[in-house]
Amino acid sequence: MEYKVCNSKDLPNNSMKVISIQGSKILMCRSNNRLFALDNSCPHRGASLSKGEIKETKIICYMHDFEYDLISGKLLHIPSKWNDQNPNWTKSGNLLLFPISEKNGEIYIRL
Ligand code: FES
C-alpha cells in the first residue's frame, strides 16, 4: 500500500526525517538528491538510525558505527575496534528498505 508521507519541500536535500506508518518508524532521507526509505531500527542492535550519519548512499549507525548501503541494504563495514567481540555480537541483518517516490511535489512510501 502506498502512503503520501509529506511534501517534497519538507525533505530538502541532505536531510532526514522519521515518520510513523502503521506503527512502524520509517526513516526517510534525501542524499545527493536521491531518496531512501528504511526501517529506523538498526539491524544490528536496534538503535535509532536517525541518529546516525548519511554519507552519499551509506548510513553509519551512531551506536557501534556499522556502515550499511542504502541501495542494497547490505552491511558494508564493521569498524576494526570490534574485532575482539564475539562473532555472535557482530552479526547483523540487512537494512529493511521501502520503495519511495516523488510525484507532483509530494513524497510517497510503499509498505
Ligand atoms: S545498533 Fe547499530 S551498529 Fe550496533
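In what follows, the structure referred to is the one given above.
Residues numbered from 1 in each chain as written. Predicted model: local features only at pLDDT ≥ 70, side-chain atom pairs only at ≥ 80, totals over all residues. Heavy atoms only, no water.

Asks: Help me understand the pattern of salt bridges, please; the structure alone is not making it clear to me.
Replies: A pair can form between side chains of opposite charge whenever their charged atoms are brought close. The tally for this structure, following the rule as stated, stands at five salt bridges. For the salt bridge of E106 with K4, the shortest nitrogen-to-oxygen distance reads 3.4 Å. Of the two residues, E106 is situated in strand β11 (residues 106–110) and K4 in strand β1 (residues 2–7); the sequence distance between them amounts to 102 residues. A relative accessible area of 46% places K4 in the partly exposed class. (Salt bridge = Lys/Arg side-chain N within 4 Å of Asp/Glu carboxyl O. Helix = DSSP H or I, 4+ residues; strand = E, 2+ residues; numbered from the N terminus. Buried < 20%, exposed > 50% of the residue type's maximum accessible area, 1.4 Å probe, protein only.)

Asks: What should I look at first to understand the sheet that holds strand β3 (residues 24–31) in this one?
Replies: What holds strands together in a sheet is hydrogen bonding between their backbones, with the strands either parallel or antiparallel. Strand order in the open sheet formed by four strands is β2-β3-β4-β9, and the pairing between neighbours is antiparallel. Each edge of the open sheet is held by one strand with a lone partner, namely β2 (15–21) and β9 (97–98). Relative to β3, β2 runs antiparallel, the two being bridged by seven bridges. Bridge pairing in β3 links I21 to S24. (Pairing = 2+ DSSP bridges.)

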